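Reading the structure
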Amino acid sequence: VALIVALQATMAMTARVQGLKQALSSVSPDLVRAAAARIEPHASRTPILRSDQIDARASCSIHVKAEHLQTTGSFKYRGALNAVLSLTDEEASRGVVAHSTGNHGAAVARAA
């Protein structure tokens, strides 16, 4: 029985990985540009921060995207906003749901 459960878990994980690979392979520069244009009127432009002191300690150049300054305090707002704005009128009329009380949930609530 334990072997069957382990095999089922492995098959489920394999399916999730394959789904992720398929989703990532369908992302193109044009889709990224379209998403950026879609959210641009709504999302904040957050700065990229640098520190000479941190660079010196790390012996390399460190760039930090200050997404904590984004609406809802995280980068999650960008994805949630893109998803909500991509809905058809019929889909949007049914509302949206997020199974999260964290950054993702806050972002979906704000985007909706």
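Everything numeric here is computed off the predicted structure, so don't read it as measured data.

**A short note on the overall build of the protein chain**
Along the protein chain, the regular secondary structure elements total 6 helices and 2 strands. Its helices and strands in sequence order give the protein chain the pattern α-α-β-α-β-α-α-α, from N to C terminus. Scaling as 2.2 N^0.38, a compact globule of 112 residues should have a C-alpha radius of gyration of about 13 Å, whereas the protein chain reaches 19 Å, well beyond that. C-alpha atoms of the protein chain, sized along the principal axes, occupy 55 × 45 × 30 Å.

**Things to note about helix 6 (residues 103-111)**
Every buried residue of helix 6 is accounted for by G105, A107, V108 and A111. Projected down its long axis, helix 6 shows its buried positions confined to an angular sector of 165°, all on one face. Those residues of helix 6 that are exposed and angled more than 90 degrees off the buried face are A109 and R110.

**Considerations on the packing of helix 2 (residues 29-39) against helix 4 (residues 76-85)**
Where helix 2 contacts helix 4, the two axes come as close as 9 Å, and the packing angle between them is 90°. Overall, the two elements helix 2 and helix 4 adopt an arrangement that is roughly perpendicular. Here A35, R38 and I39 of helix 2 come into contact with helix 4, specifically with R78, L81, N82 and L85. Across the contact of helix 2 with helix 4, the residue classes tally to 4 nonpolar, 1 polar and 2 charged.

**Some details on the nonpolar core**
Of all hydrophobic cores here, the largest spans 9 residues; its members are I39, A43, Y77, A80, L81, V84, A107, V108 and A111. Where this core is concerned, the elements lending two or more residues are helix 4 and helix 6. Sorting elements by how many residues they give to this core places helix 4 first, with 4 residues. The contacts of Y77, once residues within four sequence positions are left out, are H42, A43, Q70, T71, T72, A107, R110 and A111.

**Describing the pattern of salt bridges**
Tallied over the full model, the rule gives 4 salt bridges. A salt bridge links R33 to D30, with the shortest nitrogen-to-oxygen separation between them at 2.9 Å. On the criterion of helical spacing, the pair formed by R33 and D30 is a turn pair, its members being 3 residues apart in helix 2. In this structure, R33 and D30 share a single accessibility class: exposed. With its nearest N and O atoms 3.6 Å apart, the salt bridge here joins E90 to R94. Take E90: its relative accessible area is 56%, and that puts it in the exposed class. Given the relative accessible area of 60%, R94 is considered exposed.

Each value, and the rule that gives it
- Residues numbered from 1 in each chain as written.
- Predicted model: local features only at pLDDT ≥ 70, side-chain atom pairs only at ≥ 80, totals over all residues.
- Heavy atoms only, no water.
- Helix = DSSP H or I, 4+ residues; strand = E, 2+ residues; numbered from the N terminus.
- Rg over C-alpha atoms; globule rule 2.2 N^0.38 Å.
- Buried < 20%, exposed > 50% of the residue type's maximum accessible area, 1.4 Å probe, protein only.
- Arc of directions from axis to C-beta.
- Axes fitted to C-alpha atoms, helices over the stretch in contact; angles between N-to-C directions.
- Parallel < 35°, antiparallel > 145°, perpendicular 65-115°, else oblique.
- Contact = heavy atoms within 4.5 Å.
- Nonpolar A, V, L, I, M, F, W, Y, C, P; charged D, E, K, R; others polar.
- Core = buried A, V, L, I, M, F, W, Y, C linked by side-chain atoms within 4.5 Å.
- Salt bridge = Lys/Arg side-chain N within 4 Å of Asp/Glu carboxyl O.

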